[in-house]
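A closer look at the structure
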Protein chains: 2
Amino acid sequence: MTQTPDAVCVQSLVALFTIDDRPPGRRAPGQPPKELKVLLLGPEGDSGAWRLPGGPVTGQDTLVRAALRTLGEGVGPGIHLEQLRTYDDLDPGPPRTIVVAHIGLVPPAVREAVRPSSPATWVPVDEPPLHAPGRLPLVAGHARVLAEALQRLRNKVDYTLLAFQMLPEEFTMSELRQVYEAILGEDLGTSDERRKANFERSIRLLNERVGRLMEARTGVFQPPIVRTGRTRKGPRGPAAHLYRFVGDITLITK
Amino acid sequence: MTQTPDAVCVQSLVALFTIDDRPPGRRAPGQPPKELKVLLLGPEGDSGAWRLPGGPVTGQDTLVRAALRTLGEGVGPGIHLEQLRTYDDLDPGPPRTIVVAHIGLVPPAVREAVRPSSPATWVPVDEPPLHAPGRLPLVAGHARVLAEALQRLRNKVDYTLLAFQMLPEEFTMSELRQVYEAILGEDLGTSDERRKANFERSIRLLNERVGRLMEARTGVFQPPIVRTGRTRKGPRGPAAHLYRFVGDITLITK
DNA sequence: CCAAAAGTGTTGAATATACACCCATGT
DNA sequence: ACATGGGTGTATATTCAACACTTTTGG
């Protein structure tokens, strides 16, 4: 590499999130049946600290490539990536380092494609080992990035369509609700039956709002959540209708 | 400077906005009496292109310092700065350059403190010379940054308190309305009398919402917009009440 | 039968939007 | 007088939030 004036190191980090089933053993009464997980890479060198995926921006690599580089071939398509913010005080240096942090949302179908070159785990964000007791040690600064990423995800989830990025191709209304519950850590009807109707109504309203938005933009009234016509039986109760999301995740809903 | 591996150049840019009175000569009927302006620095070298303020991140400078460095001593306090996003494709290089773009909001009282070391102008964002005819040439990429900054500002202004950052210490309800009109480019009551009441009501509701939010946080019901008790006479009509903003601009209102 | 899950309905409060009106004052 | 600017009021639609109820089905 040639010497350039005023050069600093740039790191691209990503907090990769996904939704997974909560193991029955770890499900306290009232807790949602799904949970939000983040991908952490195992300790490197002698630090003993876990870290968010990412790496240096070198040559002509994009920020996205640098963030996903250590996650295996073919990782990228199917993952929604957006910037969180850029830090100038995360890595004390030297060398002087600027960190560009991202949020990534991984649908279940793509999760298997994520094969980090080093040991890695999907860690539930609201449970040990991220919190006491037996806290998993994180690289300095990465806990802050993760906290801010989580905060941003929770804020954005109710004025965007980001939640749909972590659903399978086909899903039931219950699964959709469980995804929102896992992200927000809040009961929206799975345990408290009284809130269920409000959630489904808010989704209906969202669907119509987005449909009208698309009509204004393309001339065709196209709500993003469509029934496939099929149903699926759960362990209890009647069969649930299956839906697909056909819209654009990046659309802002309000 | 020592050679470091994987080093790239990092630039910190800022789109500095302020609100100014629209010259009576350029005020078409129906247009708001104030306008949103952005600071542009004059051509440098042989490019002939105008540019957003900013500069390289070197040594131990923060991103904020690098963004404001060429704007004169003592610039920083009183200006609200927040990140827009980080670009990896703005400057084609070489050298490989990453650009961290910011949005800055300058209150009128601080505007005079901004004294760029090179020729500079505050340019109205919705008029020539930024748009045809006689378009003012911008450095490649800077038009895109400006457009995205403007879009973000317009989006954020109605779920945050950012508008208050561009008001003088004391202001009337009309001035507040005119600031919103200048940012959004939309008549909220200055010309269309029917909308005026709705704007004032929305401000009252905002004020109470924020007051309750502060009560939940500090125990004291503290709405951010308070009457000073004084009034001010305009060119027409009765005297208007004067208000001050005593809250925190960074608070999210929804 | 009963508990869990899918799905529909009702009602009152808060908010947004459209529109009407009065008062003060400089020209 | 009248246009301009400050300030208040009213009616309707939409949305939010709390709560009640019916149906299906596995154990």
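No experiment lies behind these values; they were computed from the predicted model shown.

Scoring rules and cut-offs
Residues numbered from 1 in each chain as written. Chains lettered and ligands numbered in written order. Predicted model: local features only at pLDDT ≥ 70, side-chain atom pairs only at ≥ 80, totals over all residues. Heavy atoms only, no water. Pairing = 2+ DSSP bridges. Helix = DSSP H or I, 4+ residues; strand = E, 2+ residues; numbered from the N terminus. Least-squares fit on C-alpha atoms with pLDDT ≥ 70 in both. Contact = heavy atoms within 4.5 Å. Buried area = accessible area lost by both parts, 1.4 Å probe. Salt bridge = Lys/Arg side-chain N within 4 Å of Asp/Glu carboxyl O. Polar contact = N/O pair within 3.5 Å; in protein donor to acceptor, adjacent residues only side chain to side chain. Nonpolar A, V, L, I, M, F, W, Y, C, P; charged D, E, K, R; others polar. Domains from an automatic or database assignment. Buried < 20%, exposed > 50% of the residue type's maximum accessible area, 1.4 Å probe, protein only. Near = heavy atom within 4 Å.

**Some points on the sheet that holds strand β7 (residues 170-171) of chain A**
All names here are of chain A. Pairing within the open sheet is antiparallel, and its three strands lie in the order β7-β9-β8. Only two strands of the sheet have a single neighbouring strand rather than two, namely β7 and β8 (225-232). Across two bridges, the pairing between β7 and strand β9 (residues 240-245) is antiparallel. Bridging across to β9, Glu-170 finds its partner in Arg-244.

**Quick look at the relation of the copies chain B and chain A**
Turning chain B through 180° and shifting it by 0.1 Å along the axis lays it on chain A, with an RMSD of 0.1 Å. The transformation just described matches what one would write down for a two-fold rotation axis. The overlap is high: 96% of the interface residues of chain B also sit at the interface in chain A, so the same surface is used on both sides.

**Describing the interface of chain B and chain A**
Each partner contributes to the interface: chain B provides 27 residues, whereas chain A provides 26 residues. Summing both partners gives a buried area of about 2300 Å² for chain B against chain A, and 53% of it is carried by carbon and sulfur. In this structure, the connection of chain B to chain A is made through zero salt bridges. Counting across the chain B and chain A interface gives ten residue pairs in polar contact (both at pLDDT 80 or more). Counting only elements with at least two residues in the side of chain B that touches chain A, the list comes to β1 (7-21), β4 (80-87) and β5 (97-105) of chain B. Taken together, the residues of the side of chain B that touches chain A sort by class into 14 nonpolar, eight polar and five charged. Pairing of strand β1 (residues 7-21) of chain A with β1 of chain B, which is carried by three bridges, proceeds in the antiparallel orientation. Bridge pairing in β1 of chain B links Ala-7 of chain A to Cys-9 of chain B.

**Side note on the domain arrangement of chain A**
All names here are of chain A. Looking at the assigned domains, one finds that chain A contains domain 1 (8-155) and domain 2 (162-245). Domain 1 and domain 2 are separated by 27 Å when their C-alpha centres are compared. Between domain 1 and domain 2, the contact holds 20 residues from the first and 15 residues from the second. When domain 1 packs against domain 2, the two sides together hide about 1400 Å² of surface, and 71% of this comes from carbon and sulfur. On the domain 1 side of the interface with domain 2, the three residues burying the most area are Ile-19, Lys-34 and Arg-154, jointly 32% of the side's total. Seen at the junction of domain 1 and domain 2, the total is zero salt bridges. Taken together, the links from domain 1 to domain 2 amount to two residue pairs in polar contact (both at pLDDT 80 or more). Of all the secondary-structure elements, those providing two or more residues to the side of domain 1 that touches domain 2 are β1, β2 (34-41), β4 (80-87) and α3 (142-156).

**Section: the pairing of strand β5 (residues 97-105) of chain A**
All names here are of chain A. Burial of β5 is extensive: nine of the nine residues sit out of reach of the surface. Side-chain alternation along β5 places Thr-97, Val-99, Ala-101, Ile-103 and Leu-105 on one buried face and Ile-98, Val-100, His-102 and Gly-104 on a second face that is also buried. Across nine bridges, the pairing between β1 and β5 is parallel. The residue bridging Val-10 from the neighbouring strand is Ile-98, located in β5. Strand direction decides the pairing type here: β4 and β5, joined by seven bridges, are antiparallel. Bridge assignment links Arg-85 to a residue of β5, and that residue is Ala-101.

**Describing the protein's contact with DNA strand C**
Near DNA strand C lie 22 residues; those nearest to it are Ser-174, Lys-196 and His-241 of chain A together with Glu-193 and Asn-198 of chain B. Of everything in DNA strand C that lies within 4 Å of the protein, sugar and phosphate atoms constitute 52%. Ser-174 of chain A places a side-chain nitrogen or oxygen 2.2 Å from a phosphate oxygen of DNA strand C. Glu-193 of chain B places a side-chain nitrogen or oxygen 2.3 Å from a base nitrogen of DNA strand C. Contributing elements (two or more residues each) for the surface near DNA strand C: α4 (173-184), α5 (193-218) and β9 of chain A together with α5 (193-218) of chain B. Per-element tally for the surface near DNA strand C: the top contributor is α5 of chain B, with seven residues. Across the surface near DNA strand C, the residue classes tally to eight nonpolar, four polar and ten charged.

**Topic: the protein's contact with DNA strand D**
Close to DNA strand D lie 20 residues, the nearest being Glu-193 and Asn-198 of chain A together with Ser-174, Pro-238 and His-241 of chain B. For DNA strand D, the backbone makes up 47% of the atoms found within 4 Å of the protein, where backbone means sugar plus phosphate. Contact distances for DNA strand D include 2.3 Å between a base nitrogen and a side-chain N or O atom of Glu-193 of chain A. Per-element tally for the surface near DNA strand D: the top contributor is α5 of chain A, with six residues.

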